[in-house]
Amino acid sequence: QTILMGTVPDPDKPQKGEVFANLRYEAHNNPYDGMCIHEWAAPEVGDPLDEDRWYEYNPSLGYQLLISAFRKDSRGMPADSFAREHLGYWSEINVFAKLVGEKSWKACETACPPKVGVIVYGAKFSPDGSEVALSAAIKERRDNAVPHVEIVKVEQLSIGIQWLVDWLVERVKRCSQIVIDGQSNAQELTERLQSARVPKHVIVRPTATEVGGACGAFVSAINECKVTHFGQPQLTTSVTKCQKRKIGNRGGFGFESTREADATLAEAAALAYWQVTVTKRDPARKGRVGC
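Residues numbered from 1 in each chain as written. Predicted model: local features only at pLDDT ≥ 70, side-chain atom pairs only at ≥ 80, totals over all residues. Heavy atoms only, no water.

Before going further, it helps to examine the overall build of the protein chain. Secondary structure assignment for the protein chain yields 10 helices and 7 strands. Burial analysis of the protein chain (291 residues in total) assigns 46% to the buried set. Considering only residue pairs separated by 6 or more positions, the protein chain has 67% of its internal contacts joining residues 24 or more positions apart. Distance between charge centroids for the protein chain: 12 Å, based on 36 positive and 36 negative side chains. (Helix = DSSP H or I, 4+ residues; strand = E, 2+ residues; numbered from the N terminus. Buried < 20%, exposed > 50% of the residue type's maximum accessible area, 1.4 Å probe, protein only. Contact = heavy atoms within 4.5 Å. Lys, Arg positive; Asp, Glu negative; His and termini not counted. Charge placed at Lys NZ, Arg CZ, Asp CG, Glu CD.)

Quick look at the nonpolar core now. Formed by 38 residues in total, the largest nonpolar core has its most connected members in Phe218, Ile222, Val227, Val239 and Phe255. Looking at this core, the elements that each hand over two or more residues are strand S1 (118-125), strand S2 (131-139), strand S3 (148-156), helix H8 (208-223), helix H9 (233-241), strand S7 (252-256) and helix H10 (263-278). No other element matches the 11 residues that H10 contributes to this core. In contact with Phe218, not counting residues within four places along its chain, are Trp105, Val149, Val227, Val239, Phe255, Ala266, Ala269, Ala270 and Tyr273. (Core = buried A, V, L, I, M, F, W, Y, C linked by side-chain atoms within 4.5 Å.)

In this sheet, S7 lies alongside strand S6 (residues 243-247) in antiparallel orientation, the contact comprising 5 bridges. Paired with Gln243 across the bridge in S7 is Glu256. Connecting S6 to the next strand, S7, in antiparallel fashion are 4 residues, including Gly248 with a positive phi near 70 degrees. (Pairing = 2+ DSSP bridges.)

What follows concerns the packing of aromatic side chains. Counting across every chain of the model gives 6 aromatic pairs. Residues Tyr121 and Trp167 carry aromatic rings whose centres are separated by 5.0 Å and whose planes lie at 80 degrees to one another, so their mutual orientation is edge-to-face. Of this pair, Tyr121 sits in strand S1 while Trp167 sits in helix H6 (residues 162-171), and the two are 46 residues apart along the sequence. Each member of the pair, Tyr121 together with Trp167, is buried. Among the aromatic side chains, those forming a connected cluster through ring pairs are Trp54, Phe70 and Phe82. Directly above the aromatic system of Trp167 lies the positively charged group of Arg171, at a separation of 3.9 Å from the ring centroid. (Phe/Tyr/Trp six-rings, centres within 6.5 Å; stacked < 30°, edge-to-face > 60°. Lys NZ or Arg CZ within 6 Å of the ring centre and 35° of its normal.)

Quick look at unusual backbone geometry now. Backbone geometry places Asn144, a non-glycine residue, at a positive phi of 65 degrees. Structurally, Asn144 is set in the loop between S2 and S3. Of note in the backbone geometry, Arg197 takes a positive phi value of approximately 70 degrees without being a glycine. Within the secondary structure, Arg197 is located in the loop between helix H7 (186-195) and strand S5 (203-204). For Arg197, a relative accessible area of 77% corresponds to the exposed category.

With that settled, consider the pattern of salt bridges. Overall, the coordinates contain 15 salt bridges when judged by the stated rule. Ionic pairing is found between Glu51 and Arg71, a salt bridge with its closest N-O pair at 3.0 Å. A residue pair is termed long-range when its members are at least 10 positions apart, and Glu51 in helix H2 (residues 51-56) and Arg71 in helix H3 (residues 67-76) qualify at 20 residues. Judged by relative accessible area, Arg71 falls into the partly exposed class, the value being 38%. Lys124 is paired through a salt bridge with Asp181; the nearest N and O atoms lie 2.5 Å apart. In this pair, Lys124 sits in strand S1 while Asp181 sits in strand S4 (residues 177-181), placing the two residues 57 residues apart along the sequence. Summarising the burial analysis for this pair, Lys124 and Asp181 share the class buried. Salt bridges here are not isolated pairs; linked through shared partners, they connect Lys124, Asp181, Arg245 and Glu267. (Salt bridge = Lys/Arg side-chain N within 4 Å of Asp/Glu carboxyl O.)

Per-residue confidence for the protein chain gives a mean pLDDT of 90; residues scoring 70 or more make up 94%. Taken as a whole, residues 287-291 scores under 50 in pLDDT and shows 0 contacts with residues more than four places along the chain or in a different chain. (pLDDT = per-residue confidence, 0-100.)

Here we come to the packing of H9 against H10. Relative to each other, H9 and H10 sit at 95 degrees, their axes nearing to 7 Å. Relative to H10, the element H9 lies roughly perpendicular. Across the interface between the two elements, Gln234, Leu235, Ser238 and Val239 of H9 pack against Ala263, Leu265, Ala266 and Ala269 of H10. (Axes fitted to C-alpha atoms, helices over the stretch in contact; angles between N-to-C directions. Parallel < 35°, antiparallel > 145°, perpendicular 65-115°, else oblique.)

Okay, structure coming up:
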């Protein structure tokens, strides 16, 4: 028999509570034989000074738990922190083990993205074949430049992909790479671009391992404030409210959609970020004899 106990994870440090959050979610939504959950959890933050609620969500209060400690913490902690740690409050955002905290993402926001540099586009098709997200990344041509990412467009596949082909072909001479990922329509987009004379070496079709590496590098860059964005609401929701998706057996991971967020945008941005940091191709660089 395995017994797990814990405190609701801090929403700004989701990875520290990943196992607990995932198990709780499974217990509530996809329980299996042998699993049992006992939970005394407040449905809202409420008034931290309401002592009746303390007893309601803490059966051992006055026995193993000291009422004096609750009184001290209720006055010295933020209301949401007190609710999480003493009343078992899980906000909707806590249900999933997030990859990126809102504060980390906000710290990367800029109002002045670079205007020139190496450019990469990323096209990510959703797993259910319903949509495609087109992203862009740009990195200035200087040492230690910080890449910038943004979402160009998200479109339903019910209108087809010719608009995407036309958009990319029009800009191919100015970009270094075009990254294409996803089962649905990815091959079709690749073939149409090649038919439109986009060079094969411009198109990148990443392996599952490379997708996992791209997402890992993107998350690390966010946590270390080594990437910028300009606060697009759709991208912000995707990056900060998606959960972790396992890729392969070597620790790779991607973004998984939740009820609140669509992971297609986050992975599109991750793919563009990855390639703009590793590509050696720069259409603006003039060739030299002997090179």
